[in-house]
6 protein chains.
Amino acid sequence: MRKDGRANNMIRPIKITKNYLKYPEGSALIELGETKVICSVTVEDKVPPFLKGHGTGWITAEYSMLPRANEVRKVRDSVKGKIDGRSHEIQRLIGRALRSAVDLKKIGERTLWIDCDVIQADGGTRVASIIGAFVAVYLSLAKLTLKESPIKDFVAAISVGMVDAVPMIDLNYDEDSKAEVDMNFVITGKGEFVEIQGTGESRSFTQDEFEKMKNLAIKGVEKIIELQKKVLGSSE
Amino acid sequence: MRKDGRANNMIRPIKITKNYLKYPEGSALIELGETKVICSVTVEDKVPPFLKGHGTGWITAEYSMLPRANEVRKVRDSVKGKIDGRSHEIQRLIGRALRSAVDLKKIGERTLWIDCDVIQADGGTRVASIIGAFVAVYLSLAKLTLKESPIKDFVAAISVGMVDAVPMIDLNYDEDSKAEVDMNFVITGKGEFVEIQGTGESRSFTQDEFEKMKNLAIKGVEKIIELQKKVLGSSE
Amino acid sequence: MRKDGRANNMIRPIKITKNYLKYPEGSALIELGETKVICSVTVEDKVPPFLKGHGTGWITAEYSMLPRANEVRKVRDSVKGKIDGRSHEIQRLIGRALRSAVDLKKIGERTLWIDCDVIQADGGTRVASIIGAFVAVYLSLAKLTLKESPIKDFVAAISVGMVDAVPMIDLNYDEDSKAEVDMNFVITGKGEFVEIQGTGESRSFTQDEFEKMKNLAIKGVEKIIELQKKVLGSSE
Amino acid sequence: MRKDGRANNMIRPIKITKNYLKYPEGSALIELGETKVICSVTVEDKVPPFLKGHGTGWITAEYSMLPRANEVRKVRDSVKGKIDGRSHEIQRLIGRALRSAVDLKKIGERTLWIDCDVIQADGGTRVASIIGAFVAVYLSLAKLTLKESPIKDFVAAISVGMVDAVPMIDLNYDEDSKAEVDMNFVITGKGEFVEIQGTGESRSFTQDEFEKMKNLAIKGVEKIIELQKKVLGSSE
Amino acid sequence: MRKDGRANNMIRPIKITKNYLKYPEGSALIELGETKVICSVTVEDKVPPFLKGHGTGWITAEYSMLPRANEVRKVRDSVKGKIDGRSHEIQRLIGRALRSAVDLKKIGERTLWIDCDVIQADGGTRVASIIGAFVAVYLSLAKLTLKESPIKDFVAAISVGMVDAVPMIDLNYDEDSKAEVDMNFVITGKGEFVEIQGTGESRSFTQDEFEKMKNLAIKGVEKIIELQKKVLGSSE
Amino acid sequence: MRKDGRANNMIRPIKITKNYLKYPEGSALIELGETKVICSVTVEDKVPPFLKGHGTGWITAEYSMLPRANEVRKVRDSVKGKIDGRSHEIQRLIGRALRSAVDLKKIGERTLWIDCDVIQADGGTRVASIIGAFVAVYLSLAKLTLKESPIKDFVAAISVGMVDAVPMIDLNYDEDSKAEVDMNFVITGKGEFVEIQGTGESRSFTQDEFEKMKNLAIKGVEKIIELQKKVLGSSE
C-alpha cells in the first residue's frame, strides 16, 4: 500500500470548482489531491496570422507556477526574463491535448487562450491542467452561439509510473521523485490515445511494464471523464 | 449611495484565509470584495550582498497578476520578458510597507520573500496585498525561534479617492476607473503614516479634499487592523 | 543650519538653460544644486494605439541616469537588458505630472516624448526632472500651431523630509541618505496637489509631521514656479 | 509505396561521419536521408551546482537549426532573444536520452555538453540528433581515462507515424506534414524503452495502431544500433 | 617559414562547395584551411520599412558560430539572449561588403538575407564569410529573372597582419593570437577598396608597415577572385 | 568651400571641459563643432576574470546616445532590451584605442570603465569620444599613486571621407550622409596608426584616394593632440 493509503490503481480525490473566476469566459479550479491549478479560458475574436482567412479557430495554452507552489521557492520566469524549458514543454502538451478535443472549424476564427496557473504542486500538475482546462474550455464554448457543438469528444489525462518496480497511477510528488519510469497519457472518451509520453528516468523499461502502465492509465481516465461529465452536467 | 450599496466610508467585506498554501512558511488568501490575492512568505537563511555581515535581515516583495485576473486578458510578463512598470511600482511599495512593520535586526541574517499573486482584480489589489502580506509575514515569523518578537507594529493599507467630487473609501474597479483622485495610505496600528501616495488622475486636488480622504483612510485602516488581529489571534 | 549653509526651508540654487539641445522640439538643462538633468521633448504626430481616433494627445516620459551620475558607477539598463524598478517608478511619475499640466485634447493626436537624462545626481533628480520637463514641454508646445494654449497650469515639484526629526526642504544626497521620512510633492500654480508621495524610510510619521512637510513644499513650489515663469518669459 | 520508393518499414540511408570537427572531444555529422545534423560533445571538468560534491557527472544538450535549414528561413533565436518552445522540448529529450545511456557515476564530476546543430532539415531531426549524439558521446568518453566504461548500453531513436491510416517508419518532411499520428521512440540495445512520445496530430489513435507503430520502431532501432556499432568499431 | 609551411605571402588552400544546402536560393560551404563556413542566401520579396516604395533592394547579413567551432565551447547567443559585440561587428561588415558588389536598384524590392554560420574556426572567419557569401549571392541572383545582371564587380576579402614584426597574409588562429597588428581588406575585382580595417593589437604600426600589408592583401584578393570566377563558371 | 565655410583640411572648433562631472575619477565634456560627448572614467580595483592574477589592468568602454541626440528620436537600448550593433562596434573601437595608449601592466589589477555618452550628434561622435576619453583617462590616472606613468603615448582620432569625389576631414552629419567613402583613423603622438577603418559607402575607392585621406588624417590628428596637451597641461 502507498504512503497515503491508496491502492496502486487508485487516483487521488479530484475536486473541480466550475466558474472559479469572475472574468474569464470559462474557468475552473481543479484539486487533484494536494495539487491545485486554476484553469481559465479567454475567447478572442481573432486567430494567429498563419490561420487568418482559413475560417478555422485556434487553441493555445500557457502554464505557469506561483513561485511558492513548491517546497522550495522558484524564481519567477518574468524575473529571469524567459519561460523555462519545462513550462514550454507542458504548455505545448496542454495546447495539443485541447485542440484534439475541439473541432476548430466549428468555432470559427476565434482563439481560445487557456491559462493554467499552478497554485500548489504535489505531482501531476500537467495532467490536472488538462483535466481542468477541458472543463474551462467546455464552459467557454457553451457561451458561444454556434451552429453545432464543436466538442469532438471528452479528453482527460493521468500520470502513471514504475515505483520500486511496481506500476502505479497518479503519482504524488514523493512518488514521482523516486519513480524509475514516468508516463503521462492523454486519452479520449472513446478510449483512444491523444498523447503518450513516457520517460525512463533512472532506467529503461520493458514492453511488459509499458503494457501494465498503459492499462492503469486507460482505466483511470475513464473514471476522470465520468467526473468531468458529472461536473459539467450539474447546474451548480 | 454607491452602486454596490455601500456608504462612502464603508470598506467591502474582507475575508482572510490563514495558511492557504501548504509549502510556504506563511501564507494567506485575502478577499477584499471581489479582489482576491494569494500572499505567501518564504524565509531564506541569507541576505542580499549589500547586507552580508551586518547582522540584519531583509524583506522584499514580488507582485503579479494572473493573465485573466482582469476583464481583459493581459500578456504574461514572462512572455514579454520583463516586468511591467506598474508591477514594479507596486512590489516596491509592498516591500517598503512590510519592512516598516518588522525590526529587521531582530530577524537576523534572513530574507523574507513576499509573493503577492492576484487571482482576481476588482480594485485595491495593492492594498489587499499589503493587508494579506502582513498576515503571512506574521505567521512566518511566529515559526522562527527568536529572542524577541520582531513585529514593531501592525500595518495595513487602504485606497481612497474623489469620485464625482465625493470622497470615498476602498474603490472597486468601476469607481477607480472614474475617480478624479486616487490615493493609497499605508498606516500603522498607532495611526502613523508609513506611506502616502496620491495622484490627481483627471484633475488636481485641494488641501481640503486631501484632509477628507486622509480621515477616511485613517478610520478605515483602524478597522482593518482590528480584523488582522482577530484573524491572527484565532487558533483556526 | 544645514551642512551647505541652507535654512531648513531653503531650496538650493536652480539654473535652467532653455533650448539646451539643437534637435529636440523643446529642451532644457536644469541644475538644482549639484543635480543636473537634461530634459528634452520630442513631438510625434501620432498617438499610442489605445488613443487612436479619439482626437486627443498623449504625454509619456523616460528617465535614466548616466552610469557615473553617482558616487558609484551603475551598470547601464541596456547592459542588464531591462529598466530598473526605480526608473520605472520615476518615469511614470514624470508622465503623470506633465499630463496634469496639459489639456491633451488641445494638442490633437500627437505624442510628447519627454526624456529626462540625469547627468549628475545629488538628490532630488525626480523633482528636478519634473521642473525641467515642464519648461521643455512648454517650449515644444509653443512651436505648434494650435487654436488655444493647451497649458492648463504651471506644474513643479519638490522634495521634503524629516532629517533628525526636523522637517526640511530639497534634500541633497547626504540629507536624503539619513532622512527618516522622504516626500515628494507635485503642485500646480494654483497651489493644488497633483501628486503626493511620502515614505517613512526608517520610521512611520505623525499627522503633525506631515502638516509641516506639506507646508514647506507648498511654499517651495511657489518659488520654483515663479522661476519657471521668469525663464519662459525671457527672450534669451 | 512511398514517394521516395521506400517500403513502409524502411529507414532512409544513414551516413555518420565520425570526428567531423577538429576541436570537440567527440563529434559526428549524421545524415538521415536529406536531414543533416552536426553533433559535438564538449567535456567540462565540473558539474552544475545541484550536483557539486556528489561524485557524479551530468549530460546536457542544446539543439538548434541554422536559419535556412528549412524551406522557409527562420529568425534566429539569438535575434528573438530566446529559445523557442520546440527547441527547448527537443533538447530536453536529447539530454534525457543520452543520460540513460551513460552511467553518470562512472564519469566523475564532469559535464558533457552535447550540441546538435541542424544544417538541413527533412524530417526526423530529433531522432537524427540522438543517433549522432550517441556516437559523439561515445567518442568523447573513449578519450577519458576511466576505470570502467561508463556506457550502459547503446541508444538510438526513430520516428514512426500513421500516414493515410498506414503505419510508417522514418517520416520525411512531406510525410510528417500530413501524418495523422506522429511518434518518436528512444530504445536501447536490449530493446527496452527510454522514451516514448506519441501525438495524435489530426485525430486520436487506437491501441492497435499504437502496437503497429511500436513494432516498426523496435525493428528500426535495432538496425540503427547495428550501424552505430559498425561506425564506432571501424578505425577510420 | 610559417608553422604550416606557408610563405608569408601565401594563402591557405581554399575549397568552395557550391549549392551546399538544399533549400536556400544560393549557398556555399567555404573552407579556408581549417576554417569552415556555411553561407546561405534567402531571397525575400520585400524590403525593410525604410526602403518601401523606393524600387530598390537590400542585402543584410547574420554571422554566428556553432558553440564548439573553437577550441573552447562558447555559450550560444540564444542562451545569453543577445548577440555578442564581435558578431554584430562582423555581420555589419559582411552586409556592407556584399551591398558594394550588387546594384541594389537592379534587384527590385527584394531583400537578400545572407547567413554565415561558422562550423569550424581557425582564423579568418570574417573574410571566409565574405568570400563564400559572394558566391552564394551570385548563385541566388542567377535564379532571378532580371533585365540586367545586378553584379557590379566581384568582391573578396583577406586578412593580413604583422607577426613578430613580419608582414603576413591569411593568419590562422595561432598566428592571429600573437599578431601585433591585425588587418582585413575587402577588395573588388578592379583592385579598389571596399573596406579597410586595421588594428594595432599590442602596438601601433607605421606607414611603411601598412604599405607592406596592403600590398600583400591586394595580391591575395586577386587570386581569390580568380578562384571565385572558376567556381562560379564551372557547371558542377 | 564647405557649407560651414571650412576648407577641406580644416577641423571644426574643439572645446574640451576637463573634470566636467563631480563624481568620476576623470571626466571631460568634448565639443567637436555641434557634436557633444560626455566622457567619464571610473577606476575599479579589480579586473575581469580572464585577467585575475596576471598583475595587469584593463580598459573597457561603453558608448551610448541620448534618445534625442539626433534629428529623429531613437528608442533607448534599455527599452529594446539590447545594445544596437552600431554602438557595440563603436564601444569596442574606443576600448581598443585607449588600451593602445596605456601600459596596462603599469596600472596594476585595476579596470578603467570609460563611458562616452553622446548628448548631441552632428557627425564624428566616435572620434570625439576617443579624443575626450583620452583626456578623461589621463586625468583619472593622474590621481593614482603609481611608480611610473602608464601613458605610453597620446592618442586621438579623426574622420575623413570622399564627398563629391573630394577628400575632406572631420565630416559633419550632412557631409557624412552624402559621403561616398567614410574613414576613421586613430593615431598616436608619434604619428603611428592604432586603428584604420574605411568603408566605401556608395562606391569602392582607389589607392590614390586612400593616400589623400590618410594624409589629411595624419595632419589633423597632430593638431588635436596639441590641443589635448594644452588642455591637460593647463591648471584650470
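Residues numbered from 1 in each chain as written. Chains lettered and ligands numbered in written order. Predicted model: local features only at pLDDT ≥ 70, side-chain atom pairs only at ≥ 80, totals over all residues. Heavy atoms only, no water.

**A closer look at the relation of the copies chain A and chain B**
Copy one and copy two of the chain differ by a rotation about an axis and a translation along that axis. Rotating chain A by 180 degrees about the axis while translating it 0.0 Å along that axis superimposes it on chain B, leaving an RMSD of 0.0 Å. What the superposition gives is, in effect, a two-fold axis relating one chain to the other. When you check the interface residues of chain A against chain B, 100% turn up at the interface there too, and the contact is symmetric in its surfaces. (Least-squares fit on C-alpha atoms with pLDDT ≥ 70 in both. Contact = heavy atoms within 4.5 Å.)

**Digging into the sheet that holds strand β9 (residues 193-200) of chain F**
With respect to topology, eight strands assemble into an open sheet ordered β7(E)-β6(E)-β8(E)-β9(E)-β9(F)-β8(F)-β6(F)-β7(F), the strand pairing being antiparallel. Every other strand in the sheet has two partners, leaving β7 (166-169) of chain E together with β7 (166-169) of chain F as the edge strands with one partner each. For this sheet, the mean angle separating the axes of adjacent strands, direction not counted, is 15 degrees. Judged from the eight bridges that link them, strand β6 (residues 155-163) of chain F and strand β8 (residues 181-188) of chain F form a sheet pairing that is antiparallel. Bridge pairing in β8(F) links F:A157 to F:V186. Sitting on the sheet, helix α2 (residues 85-101) of chain E is in contact with β6 (155-163), β8 (181-188) and β9 (193-200) of chain E together with β9 of chain F, with an inclination near 155 degrees to β9(E). (Pairing = 2+ DSSP bridges. Helix = DSSP H or I, 4+ residues; strand = E, 2+ residues; numbered from the N terminus. Axes fitted to C-alpha atoms, helices over the stretch in contact; angles between N-to-C directions.)

**What to know about helix α2 (residues 85-101) of chain C**
All names here are of chain C. Its 17 residues place the ends of α2 25 Å apart at the C-alpha level, agreeing with the 24 Å of an ideal helix rising 1.5 Å per residue. The buried fraction of α2 amounts to 14 of the 17 residues, a majority that puts the element mostly inside the structure. For α2, the side-chain oxygen to backbone nitrogen distance between the N-cap and R86 is 3.2 Å, and the N-cap itself is D84. (Expected span 1.5 Å × (residues − 1). Buried < 20%, exposed > 50% of the residue type's maximum accessible area, 1.4 Å probe, protein only. Polar contact = N/O pair within 3.5 Å; in protein donor to acceptor, adjacent residues only side chain to side chain.)

**What about helix α3 (residues 125-142) of chain B?**
The end-to-end C-alpha distance of α3(B), which contains 18 residues, comes to 26 Å, matching closely the 26 Å that a straight helix rising 1.5 Å per residue would cover. Of all 18 residues making up α3(B), 16 are buried, and the element is well covered by its neighbours.

**Brief notes about the arrangement of the chains**
When C-alpha atoms are compared, chain C and chain D, though not in contact, are closest at a spacing of 10 Å. The closest approach of any C-alpha atom in chain A to one in chain F is 10 Å; the two make no contact.

**Quick word on the pattern of salt bridges**
The full count for this structure, using the stated rule, is 163 salt bridges over all chains. Here F:R73 and C:E62 are joined by a salt bridge, their closest N and O atoms 3.2 Å apart. Taken together, the residues span two chains, with F:R73 in the loop between β4 (58-65) and α1 (77-80) and C:E62 in strand β4 (residues 58-65). You can call F:R73 buried: its relative accessible area is 15%. Residue E:E62 is joined to D:R76 by a salt bridge in which the shortest nitrogen-to-oxygen separation is 2.8 Å. Note that E:E62 is positioned in strand β4 (residues 58-65) and D:R76 in the loop between β4 (58-65) and α1 (77-80), a pairing that runs across two chains. (Salt bridge = Lys/Arg side-chain N within 4 Å of Asp/Glu carboxyl O.)

**Topic: the interface of chain A and chain B**
The partner chain B presents 36 residues to the 36 residues of chain A that form the contact. Summing both sides of the interface, chain A and chain B together bury roughly 3100 Å²; the carbon and sulfur share of this comes to 51%. Sorting the residues of chain A by area buried against chain B places A:Y23, A:R68 and A:R73 first, and these three jointly supply 25% of that buried surface. If you look at where chain A meets chain B, you find 16 salt bridges. When the shortest N-O distance is used, the salt bridge between B:R76 and A:D115 registers 2.8 Å. Linking chain A with chain B are 20 residue pairs in polar contact (both at pLDDT 80 or more), by the criterion used here. (Buried area = accessible area lost by both parts, 1.4 Å probe.)

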